[in-house]
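Fold and contact review
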Protein chains: 2
Amino acid sequence: MQHAVVMAGGSGTRFWPESRRRRPKQLLPITGGRPMLAETVARLDGLVPAERTWVVTNAEQLAGAREACPDLPAENLLAEPAARNTAPCIGLAATVIAARDPEAVMAVLPADHLVKPTAEFQRALRAGFAAAATPGRLVTFGIPPTYPATGYGYIRSGAAMGEFEGIPAHRVDAFTEKPDAERAAAMLASGDHLWNSGIFVWRADSILGAIARHMPELAAGLERIRGALGGDDFAAVLDEVYPNLPAVPVDVGVMEKADDVVVLATPFHWSDVGSWRSLYDELVEEAGGDVAVFPNGGELVTEDARGVLAYSQEPQTIAVIGLDDVVVVRTPDAILVASRERSEDVKKVVERLRAAGREDLL
Amino acid sequence: MQHAVVMAGGSGTRFWPESRRRRPKQLLPITGGRPMLAETVARLDGLVPAERTWVVTNAEQLAGAREACPDLPAENLLAEPAARNTAPCIGLAATVIAARDPEAVMAVLPADHLVKPTAEFQRALRAGFAAAATPGRLVTFGIPPTYPATGYGYIRSGAAMGEFEGIPAHRVDAFTEKPDAERAAAMLASGDHLWNSGIFVWRADSILGAIARHMPELAAGLERIRGALGGDDFAAVLDEVYPNLPAVPVDVGVMEKADDVVVLATPFHWSDVGSWRSLYDELVEEAGGDVAVFPNGGELVTEDARGVLAYSQEPQTIAVIGLDDVVVVRTPDAILVASRERSEDVKKVVERLRAAGREDLL
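The rules behind these values
Residues numbered from 1 in each chain as written. Chains lettered and ligands numbered in written order. Predicted model: local features only at pLDDT ≥ 70, side-chain atom pairs only at ≥ 80, totals over all residues. Helix = DSSP H or I, 4+ residues; strand = E, 2+ residues; numbered from the N terminus. Rg over C-alpha atoms; globule rule 2.2 N^0.38 Å. Buried ≥ 20, exposed ≤ 12 C-beta atoms within 10 Å, placed from the backbone. Contact = placed C-beta atoms within 7 Å. Nonpolar A, V, L, I, M, F, W, Y, C, P; charged D, E, K, R; others polar. Pairing = 2+ DSSP bridges. Domains from an automatic or database assignment. Arc of directions from axis to C-beta. Least-squares fit on C-alpha atoms with pLDDT ≥ 70 in both. Axes fitted to C-alpha atoms, helices over the stretch in contact; angles between N-to-C directions. pLDDT = per-residue confidence, 0-100. Parallel < 35°, antiparallel > 145°, perpendicular 65-115°, else oblique.

Attention now goes to the overall build of chain A. Counting secondary structure elements, chain A contains eleven helices and 17 strands. Taken against the 2.2 N^0.38 rule, which gives 21 Å for 362 residues, the C-alpha radius of gyration of chain A at 21 Å falls within 12% of a compact globule. Structurally, chain A occupies a C-alpha span of about 60 × 50 × 40 Å along its principal axes. Counting across all 362 residues of chain A, residues that qualify as buried make up 49%. Restricting to contacts in chain A with at least 6 residues of sequence separation, those with at least 24 account for 65%.

Dropping the structure here:
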């Protein structure tokens, strides 16, 4: 059967002051009325039912994740005892799913990406499920690059492997970590490179087999967890084993080493919405326009100001006078006012607040 | 005896969103920990006692004024039934004071000006009381101009009239309304013009005599009010008479026409703090510095930003990134973010909110 695993354990600071430790990006409604996690789960409607949709999060965010996904069975929310990167996270999900459904094919989806339209996303996922039906095969999605990004990993696509749902499939020749500007430009020019989206599809037994081959230490840990499944000591075993699993990305630990890896180029619009600036770029309707995100009411009033992003969860009037291209974000205890070009520098502010011991603001 | 009358009925919108109809500038602690009205009353400490300090405000602001001046006798707060400019306001105060103290000399002080240091202010006021002791004389204070302001009225000083407390007094030759730029430059260059401060000192019977001579209609109304003083129908008479008094500034209705008018040049630092920009100018300690006004706690965090004015009554962290010379003001329901040079344009925002029927924000 087809399953979906939404990875929702991230803890970004790039949407400070709105994002906090207990309220990371995937739990925020930054792109619309619902938390991004809820949007991600809703995007599966009609393709993967709730009982086969899984969310992997962590203890700190579990309550928020439950609130964002009220329709999922409670046992489908898995909480990592510690953050160990994506290979253990995916391995845990695959272990739990395979125990319930040995023939499972599972899609792995980051909880905090912007993807549209849903119909194209579902077509791509159907293609992924079809391509991944072959035992042992790992399917990844690549984003057609639009600029020489240095912030993403790249995938070099090789020999054609036919088509699924009208989407051509290619064997993966290589994974490349985030490149420098020169290599990024070369890869963009090559025409055969795609951005690594972090979206995967595979049979649960395919990924577990690849983990056994390429990450035996992880496989051993997962085996202990599998042995405790359904038992009274499951939580205790997970707490003991999980924090010691190798903290490695699945790309590095498994994908780069595996033999039968296939890439599908995504036919949908995609953004990882990595900053306020990127959120503005995603939401603005015409060049220089304003973007006002007031999910609970509120308004932006401008006087000789263009290109403003205004954001507040609480109903609020935000007035901007005589300033172009600024970001204004209001939360109950903090306000961010930034040049849009510089909004990535919130991380510097967050670092300073951390250094000053302002845990209340983190 | 010496009295002081603080005029606190103004309703400015220039400090929106902090200033509102019921919370005008004089009731805001914009220059420090206390409302400007409270600062103005405190500036009289040791010179004029509470029982001879009077505040004229209006019904809408009466509660706020009481709160700002807890040490004044309740009956010393007079509420205008309607805003009728300064001549009726001063006439009302003089009428009430003269009835209690026929020999009263009264200083008239706007509630929302920044004045420092207090010692020099008190020296000037002592000089005013001395100069105004002569029956029939009206004393006004002039601010030595520092630039060709078009936003103030001017006073031309004439013949020397001796010194009071070391401050030279001059006969007033003329009052000039707010000039255009050319006339302002000429008056600044003349060396014998001062800005009209709106601060006056006179015997109560002197100003009432001048009103009787130059504003007989006002005098007749004040006479009706005087007749009702101490009676059960005082409030009813005030409500009936006051709204029909001529709405004229005392400068225009009385000062320009009176014979014995004397001006003292102020020896203190003065600002009418007419905008967020002006507040920044008053509070900044070095060129390009930041000004953070958080009377109840809070902090400004800047990252590559200079010349910021941050203001919030509620404890708050305000972070500004990559923007110079901006004003950020937070209130519970509205935020202002403005280029400092353009902060006067809040009035345009207020006009638009009024046109949109947003009484909740006014």
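The structure having been displayed, the exposition proceeds.
Each partner contributes residues to the interface: chain A has 30 residues there, and chain B has 30 residues. Elements with a contribution of two residues or more to the side of chain A that touches chain B: β13 (299–303), β15 (317–321), β16 (326–330), β17 (334–339) and α11 (346–355) of chain A. With six residues, the single largest contributor to the side of chain A that touches chain B is β17(A). For the side of chain A that touches chain B, the class distribution of residues is 16 nonpolar, five polar and nine charged. Relative to strand β15 (residues 317–321) of chain B, β17(A) runs parallel, the two sharing five bridges. For I335(A), the partnering residue across the bridge sits in β15(B) and is I318(B).

This part takes up the domain arrangement of chain A. Residues and elements named next belong to chain A. Examined at the domain level, chain A breaks down into domain 1 (2–271) and domain 2 (276–361). The distance between the C-alpha centroids of domain 1 and domain 2 comes to 30 Å. Taken together, the contact between domain 1 and domain 2 spans twelve residues of the former and 16 residues of the latter. Class assignment of the residues belonging to the side of domain 1 that touches domain 2 gives a composition of six nonpolar, four polar and two charged.

All names here are of chain B. Those residues of helix α10 (residues 276–283) not exposed but buried are W276, R277, L279 and Y280. Seen end-on, α10 carries its buried residues on one side only, within an arc spanning 160°. Buried residues along α10 sit in contact with β12 (291–293), β14 (309–312) and β16 (326–330).

For the rest of this paragraph, the subject is the relation of the copies chain A and chain B. Expressed as a screw operation, the relation of chain A to chain B combines 0.1 Å of axial shift with a rotation of 180°, fitting to an RMSD of 0.1 Å. What the superposition gives is, in effect, a two-fold axis relating one chain to the other. Of every C-alpha in chain A, the one belonging to V337(A) sits nearest the axis of rotation, 3.9 Å from it. Most of the interface of chain A is mirrored in chain B, where 100% of its interface residues are also at the interface.

What follows is about unusual backbone geometry. For residues other than glycine, phi is negative in most cases, and the peptide bonds are mostly trans. The peptide bond linking W16(B) to P17(B) adopts the cis configuration, its omega dihedral lying at 5°. Residue placement: P17(B) occurs in the loop between β1 (2–7) and α1 (36–42). That bond from K116(B) to P117(B) is cis: its omega, -5°, falls within 30 degrees of zero. Its location among the elements puts P117(B) in the loop between β5 (114–116) and α4 (118–131). Here the phi dihedral of E165(A) falls at roughly 50°; this positive angle occurs in a residue that is not glycine. Assignment of secondary structure puts E165(A) in the loop between β7 (154–164) and β8 (167–176). Phi angles above zero are rare outside glycine, and D325(A) is one such case at about 55°.

With respect to topology, six strands assemble into an open sheet ordered β13(A)-β15(A)-β17(B)-β16(B)-β14(B)-β12(B), the strand pairing being mixed. Each edge of the open sheet is held by one strand with a lone partner, namely β13 of chain A together with β12 of chain B. The mean inter-strand angle of the sheet, taken between neighbouring strand axes irrespective of direction, is 10°. Its contacts with the sheet put helix α11 (residues 346–355) of chain B on β13 and β15 of chain A together with β17 (334–339) of chain B, and the angle it makes with β13(A) is roughly 130°.

With respect to topology, six strands assemble into an open sheet ordered β12(A)-β14(A)-β16(A)-β17(A)-β15(B)-β13(B), the strand pairing being mixed. Edge positions in the sheet fall to β12 (291–293) of chain A together with β13 (299–303) of chain B, since each of these pairs with one other strand and no more. If you compare each strand with its neighbour and ignore which way they point, the axes differ by 10° on average. Bridge count for β12(A) against strand β14 (residues 309–312) of chain A is three bridges, and the pairing is parallel. If you follow V293(A) over to β14(A), its bridge partner there is Y311(A). Along the sheet face, α11(A) touches β17 of chain A together with β13 and β15 of chain B and points at about 130° away from the line of β13(B).

As a further point, take the confidence of the model for chain A. The share of residues in chain A with pLDDT of 70 or more is 100%, and the mean pLDDT across the chain is 95. Scored by ipTM, the complex comes to 0.86, with pTM at 0.85.

It is worth spelling out the packing of helix α7 (residues 216–228) of chain B against helix α8 (residues 234–241) of chain B at this point. Residue and element names in this part refer to chain B. Contact geometry for α7 and α8: axes closest at 9 Å, N-to-C directions at 170°. Taken together, the axes of α7 and α8 lie roughly antiparallel to each other. Seen from α7, the contacting residues are G221, R224, I225 and A228; seen from α8, they are F234, V237, L238 and V241. Across the contact of α7 with α8, the residue classes break down as six nonpolar, one polar and one charged.

So, on to the environment of T40(A). All names here are of chain A. Examined against the element boundaries, T40 turns out to sit in helix α1 (residues 36–42). The exposure class assigned to T40 is buried, which follows from the 27 C-beta atoms found within 10 Å. For the pair T40 and A111, spaced 71 residues apart in sequence, the C-alpha to C-alpha distance is 5.9 Å. Not counting residues up to four positions away in its chain, the partners in contact with T40 are V6, L109 and A111.

The next thing to look at is the environment of Y152(A). All names here are of chain A. Position of Y152 relative to the elements: it lies in the loop between β6 (138–143) and β7. Here Y152 falls in the buried class, since 20 other C-beta atoms lie within 10 Å of it. It is 11 Å that separates the C-alpha atoms of Y152 and A181, two residues lying 29 residues apart in sequence. When sequence neighbours within four positions are dropped, the list of residues in contact with Y152 reads K178, W195 and N196.

Another point: the environment of R352(A). Tracing the sequence through the fold places R352(A) in helix α11. Placed 108 residues apart in sequence, R352(A) and N244(A) show a C-alpha to C-alpha distance of 30 Å.

Let us now look at the pairing of β15(B). Regular strands place side chains that alternate from one sheet face to the opposite one. Residue and element names in this part refer to chain B. Extensive coverage of β15 is indicated by the burial of five of its five residues. Here five bridges tie β13 to β15, and the two strands are oriented parallel to one another. The residue of β15 that forms the bridge with V301 is A319.

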